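Chains, contacts and geometry: an overview
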Amino acid sequence: MTENPTPSSTPDHVRDRINTAQPHTARIWNYWLGGKDNYPVDREVGDQIRTLHPGIGDYALADRLFLGRAVRHLVADRGVRQFLDVGTGLPTADNTHEVAQRIAPDSRIVYVDNDPLVLAHARALLTSTPEGRTDYLDADLRDTATILEHAAKTLDLSKPVALMLLGVVIFIPEEAEALRLVRELMKELAPGSYLVLSHTITSPAMPDVDAAVAFWNEHGTPKLTQRTPEQVARFFDGLDLLEPGVVSCSRWRPEAGDTLPDEVAMYGGVGHKH
């Protein structure tokens, strides 16, 4: 693991926003996925969380595989060529544009995140095919107007767009606000658009997950909010849910060779706008 995952070319105003002394969700997630963009403090807390809940790495992997399956399905079977990926996280293998453009090189993707470390690595998200296009916006999920205004420079919002919200709504603690933000974004997308969303759940069957999240919220940033599967399903109200509905990410259209547990505490779904 590198001890300095921030590129040397990172501007000072971005570098100053990166707190290497406090563990951060995106970097811990990166560590669990086997990435190198994390610091010792992230690895320490990541290991402590894994001690509390040994299966946590499976959740990170399940979420990543869910992204790939959803994007492949939308591109290959639904004809989607535009993606708005909010809460992008640190670049890793098979980012949204790589999965989409592998099937349809003319796909266009706009990435959005407010993590300065993601911004420092944004060039890895801008390696588009010549036929397509990618862009990156440093912004918060709560700033829906800015997101949509910027996205319109790359995407044609009069045509279907897949809104990707993987593991990001968990950072909005108030349920009413979280629902409002998702609906504000979907409202401005054309009929035929899709919502792809994943979220950490709480369940009586998984008490160790609650303990791991409590530990994280005591030591890390930003704080996480768990929701029940029923609460996660509410984000898809007014949309047509694609089969198999809102389920454990490991059970959303699994593919040959998958070895993940049948049930992980990361639930996801894909909804279609009329």
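Our structure's up above, just so we're on the same page.
This report concerns the structure included in the present document. Note that the structure is predicted; figures quoted are calculated from it, not measured.

The next point concerns the environment of V264. One can find V264 in the loop between strand 7 (247–248) and strand 8 (266–272). The buried category is assigned to V264, whose relative accessible area is 1%. With 14 residues separating them along the chain, V264 and S250 place their C-alpha atoms 6.8 Å apart. Setting aside its immediate chain neighbours within four residues, V264 contacts D58, Y59, A62, M206, S248, C249 and S250.

Let's shift gears to the pairing of strand 4 (residues 162–166). Most of strand 4 sits out of view: 5 of its 5 residues are buried. With burial as the criterion, each face of strand 4 is covered, one bearing A162, M164 and L166 and the other bearing L163 and L165. Looking at chain direction, strand 1 (residues 82–86) and strand 4 are connected through 3 bridges and run parallel. Looking at the pairing, F83 lines up with A162 of strand 4. Taken together, the 5 bridges between strand 4 and strand 5 (residues 194–200) define a ladder with parallel strand orientation. Bridge assignment links L165 to a residue of strand 5, and that residue is L197. A crossover connection joins strand 4 to the parallel strand 5 through helix 8 (residues 175–187); in handedness this β-α-β unit is right-handed.

Where side chains of opposite charge bring their charged atoms close, a pairing between them can arise. Throughout the structure, instances matching the rule amount to 13 salt bridges. Because the salt bridges share partners, they merge into one network encompassing D140, R142, E177, R180 and E184.

On to the packing of helix 7 (residues 144–151) against helix 8, then. The interhelical angle for the contact between helix 7 and helix 8, taken along N-to-C directions, is 25 degrees, at an axis separation of 10 Å. The angle between helix 7 and helix 8 places the two elements in the roughly parallel class. Relative to helix 8, the crossing made by helix 7 is right-handed. Taking contact as the criterion, the partners of T144, I147 and L148 in helix 7 are, on helix 8, L181, E184 and L185.

With that out of the way, let us pick up the nonpolar core. Counting 84 residues, the largest nonpolar core has F83, L84, L163, L165, L195, L197 and V270 as its most contacted members. For this core, the element with the most residues is helix 4 (residues 56–78), which contributes 10 residues. The contacts of L163, once residues within four sequence positions are left out, are L84, V86, L185, M186, L189, Y194, L195 and V196.

Roughly 860 Å³ of volume is contained in the largest pocket. Along the wall of the largest pocket there are 47 residues; nearest its centre are T25, A26, G167, I170 and F171. Residue composition of the lining of the largest pocket, by class: 28 nonpolar, 12 polar and 7 charged. Size it by volume and the second largest pocket reaches roughly 190 Å³. Lining the second largest pocket, in full, are L33, L61, R64, L65, L67, G68, R72, T92, A93 and D94. When the residues that make up the lining of the second largest pocket are grouped by side-chain class, the tally is 5 nonpolar, 2 polar and 3 charged.

As for its position among the elements, H73 is in helix 4. Aside from chain neighbours lying at most four places away, what touches H73 is R78, L242, W252 and R253.

Turning to helix 5 (residues 96–103), its buried residues are T96, H97, V99, A100 and Q101. Buried residues along helix 5 sit against helix 4, strand 1, strand 2 (108–113), strand 3 (133–138) and strand 4.

Criteria and cut-off values
- Residues numbered from 1 in each chain as written.
- Predicted model: local features only at pLDDT ≥ 70, side-chain atom pairs only at ≥ 80, totals over all residues.
- Heavy atoms only, no water.
- Helix = DSSP H or I, 4+ residues; strand = E, 2+ residues; numbered from the N terminus.
- Buried < 20%, exposed > 50% of the residue type's maximum accessible area, 1.4 Å probe, protein only.
- Contact = heavy atoms within 4.5 Å.
- Pairing = 2+ DSSP bridges.
- Right-handed = clockwise from strand over helix to strand, strands pointing away.
- Salt bridge = Lys/Arg side-chain N within 4 Å of Asp/Glu carboxyl O.
- Axes fitted to C-alpha atoms, helices over the stretch in contact; angles between N-to-C directions.
- Parallel < 35°, antiparallel > 145°, perpendicular 65-115°, else oblique.
- Left-handed = near helix turned anticlockwise from the far one by under 90°.
- Core = buried A, V, L, I, M, F, W, Y, C linked by side-chain atoms within 4.5 Å.
- 1 Å grid on protein atoms, 1.4 Å probe; cavity = no way out; pocket = protein on both sides within 12 Å on 5 of 7 lines; lining within 4 Å.
- Points joined across faces, edges and corners; volume = space filled by probe spheres on them.
- Nonpolar A, V, L, I, M, F, W, Y, C, P; charged D, E, K, R; others polar.

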